[in-house]
Amino acid sequence: MMRFAKLTSVIVVLAAFASSAPAEQKSKVDPARVDTAVKSAFPGAPADWQARLTPDETMQQCSAANNTPATKVFEAIQAREKAAIKYPADGKFVGDWKKGEALAQSGYGLRFTDTAPDRVNGGNCYACHQITRQELSFGTIGPSLLQYGKNRNFSEADAKRAYEKIYNPHATFPCSLMPRFGTNSVLTIAQIVDIVALLMSPESPANK
Ligand code: HEC
């Protein structure tokens, strides 16, 4: 379950090295050499993986600013990432919390070995968050999400906010360590709606 998170952080760390350091701070390592090292670390990577080894504009800006971009860049990232969010066609943000719980538990997907056509990607949320009292194994990189919906009076506006957070965390908090599940096609819109239910449904064990 942790593998995906670990791999992600390895790539994030490598990407941070690869990015241009502030002008006054001359890099000791040639960024081109780092790029080559990153690429050569994944010799068996299929073609559709190659794009994942190249940081997009947001990742580059975050790395260049050590994850604390100046206000202008911060706002530009927020606006760009917000514009990339796609919403459920029926406007409903709260799906089936039981399916959401299974997805939050699953770290399946995006590894070389994850090729089973009948298995869907998971969100691996517990790798970074506490969500229910029942699950004792969870990471603490992200804040606890216990009582998430209850603390927000199960409001529709907060369900939408939770959806946007999962779809693209950089739309609210640029340079977040949380993956962009919707934008990067890790999870589908329907899956995100089910995970929102885990956080926002009154019946969910997260809110008991
Ligand atoms: C690699 C670690 C990581 C993973 C995996 C992760 N998150 Fe996060 N998450 C964070 C961090 C760090 C924050 C705090 C920074 C921020 O707000 O972006 C956060 C913030 C959040 C917030 C906002 C909390 C608040 O106080 O409003 C929600 C909601 C959330 N995550 C839900 C999820 C869900 C649901 C999943 C699984 C689909 C998930 N996260 C997966 C790291 C992670």
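What you are looking at is a predicted structure, and each value in this text was computed from that prediction instead of being measured.

Here's the deal with the coordination of the iron atom of the ligand
Six octahedral donors around a metal ideally sit at 90 or 180 degrees from one another, while four tetrahedral donors ideally sit at 109.5 degrees. Bound to the iron atom of the ligand are the protein donor atoms His129 (NE2) and Met178 (SD), situated 1.9 to 2.2 Å from the metal. Taken together, the six donor atoms surrounding the iron atom of the ligand define angles of 83 to 179 degrees at the centre, an arrangement classified as octahedral. In this pair, His129 sits in the loop between helix H6 (97-105) and helix H7 (156-167) while Met178 sits in the loop between H7 and helix H8 (189-200), placing the two residues 49 residues apart along the sequence.

Some points on the packing of helix H4 (residues 57-64) against helix H5 (residues 71-83)
Axes are the key here: two packed helices are described by the angle between their axes and the distance separating the axes. Between H4 and H5, whose axes approach to 11 Å, the crossing angle comes to 160 degrees. With respect to each other, H4 and H5 are oriented roughly antiparallel. H5 is crossed by H4, and the crossing has left-handed handedness. Mapping the contact onto sequence places Glu57, Thr58, Gln61 and Cys62 in H4 and Val73, Ile77, Arg80 and Glu81 in H5.

Comments concerning the site of the ligand
Residues in contact with the ligand amount to 21 residues; listed here are only the nearest, Cys125, Cys128, His129, Ser176 and Met178. A distance of 2.7 Å separates an oxygen atom of the ligand from a polar atom in the side chain of Lys165. Between the ligand and Ser176 there is a distance of 2.6 Å, counted from an oxygen atom to a side-chain nitrogen or oxygen. Mapped by element, the contributors of at least two residues to the shell around the ligand are H7 and H8.

Overview of unusual backbone geometry
One non-glycine residue with positive phi stands out, namely Asn67, at about 65 degrees. Tracing the backbone through its elements, the reader meets Asn67 in the loop between H4 and H5.

As for the nonpolar core
Membership of the largest hydrophobic core comes to 27 residues, with the highest contact counts inside it found for Ile131, Tyr163, Ile166, Ile192, Val196, Leu199 and Met200. Counting only elements with at least two residues in this core, the list comes to H6, H7 and H8. Looking at this core element by element, the count peaks at seven residues for H8. Aside from chain neighbours lying at most four places away, what touches Ile192 is Tyr163, Ile166, Tyr167, Gly182 and Leu187. Counting residues in hydrophobic clusters, the runner-up holds six residues, among them Val38, Phe42, Ala45 and Trp49.

A short note on the pattern of salt bridges
Applying the stated rule across the entire model yields six salt bridges. Of the charged contacts in the structure, one is a salt bridge between Glu81 and Arg180, with a shortest N-O distance of 3.2 Å. Of this pair, Glu81 sits in helix H5 while Arg180 sits in the loop between H7 and H8, placing them 99 residues apart in sequence. Asp114 is paired through a salt bridge with Arg111; the nearest N and O atoms lie 2.7 Å apart. Note on accessibility: Asp114 and Arg111 belong to one class, buried. One continuous salt-bridge network, built from bridges that share partners, spans Asp56, Glu81 and Arg180.

A short note on the confidence of the model for the protein
In the predicted model, the protein carries a mean pLDDT of 88, and the fraction of residues at 70 or more is 87%. Counted against residues more than four places away or in other chains, residues 1-24, with its pLDDT under 50, gives 32 contacts.

A word on the side chain of Thr132
Following the sequence through the fold, Thr132 ends up in the loop between H6 and H7. Judged by its relative accessible area of 1%, Thr132 falls in the buried class. Polar side-chain contacts of Thr132 include one of 3.3 Å to the backbone nitrogen of Glu135. Among all residues touching Thr132, those that are not within four sequence positions of it are Glu101, Tyr126, Leu146, Leu198, Pro205 and Ala206.

Some remarks on the packing of H7 against H8
Where H7 meets H8, the axes come as close as 9 Å, and the angle between the chain directions of the two elements is 125 degrees. Classified by the angle between their axes, H7 and H8 sit oblique to one another. As H7 runs across H8, the sense of the crossing is right-handed. In this structure, H7 contributes Asp158, Ala159, Ala162, Tyr163, Ile166 and Tyr167 to the contact, and H8 contributes Ile189, Ile192, Val193, Ile195, Val196, Leu199 and Met200. Classifying every residue of the contact of H7 with H8 gives 12 nonpolar, no polar and one charged.

Reading guide: rules and limits
- For every chain, the first residue of its written sequence is number 1, and the numbers climb from 1 along that sequence.
- Local features in a predicted model are, by the rule used here, given only for residues with pLDDT of at least 70; side-chain atom pairs are given and counted only at 80 or more, and totals for whole chains, interfaces and linings are based on all residues.
- Excluded from the side-chain calculations are hydrogens and water; all other atoms, namely the structure's heavy atoms, are used.
- Ligating atoms shown are N, O and S within 2.8 Å of the metal, or 3.2 Å for Na, K and Ca, and water is not included, meaning a site may look less than complete.
- Angle rules define the geometry names used: all angles between 85 and 135 degrees makes four donors tetrahedral, while opposite donors over 155 degrees apart and all other angles between 65 and 115 make four donors square planar and six octahedral, leaving every other case irregular.
- Comment: elements are numbered from the N terminus, with helices defined as DSSP H or I runs of at least four residues and strands as E runs of at least two.
- Here an axis means a line fitted to C-alpha atoms, over the contact stretch when the element is a helix, while the angle between two N-to-C directions is reported on a 0 to 180 degree scale.
- Comment on the angle field: the value is read as roughly parallel under 35 degrees, roughly antiparallel over 145, roughly perpendicular from 65 to 115, and oblique elsewhere.
- We call a crossing left-handed when the near helix sits turned anticlockwise from the far one by less than a right angle, and right-handed when that turn is clockwise.
- The contact rule is simple, with two residues in contact once any of their heavy atoms fall within 4.5 Å.
- For this purpose, a residue is taken to be near a molecule or strand whenever a single non-hydrogen atom of the residue falls within 4 Å of it.
- Two N or O atoms form a polar contact when they lie within 3.5 Å of each other; inside protein one atom must be a possible hydrogen donor and the other a possible acceptor, and for residues adjacent in sequence the pair counts only when both atoms belong to side chains.
- What we call a nonpolar core is a set of buried Ala, Val, Leu, Ile, Met, Phe, Trp, Tyr and Cys residues that are connected through their side-chain atoms within 4.5 Å.
- The cut-offs for exposure are 20% and 50% of the maximum accessible area for each residue type, with area from a 1.4 Å probe on protein chains only; residues under the lower value are buried, those over the upper are exposed, and the others partly exposed.
- Whenever Lys or Arg places a side-chain nitrogen within 4 Å of a carboxyl oxygen from Asp or Glu, that contact is recorded as a salt bridge.
- The score called pLDDT rates the predictor's confidence residue by residue, from a low of 0 to a high of 100.
- Under the scheme applied here, ten amino acids are nonpolar (Ala, Val, Leu, Ile, Met, Phe, Trp, Tyr, Cys and Pro), four are charged (Asp, Glu, Lys and Arg), and all others, including Gly, are polar.

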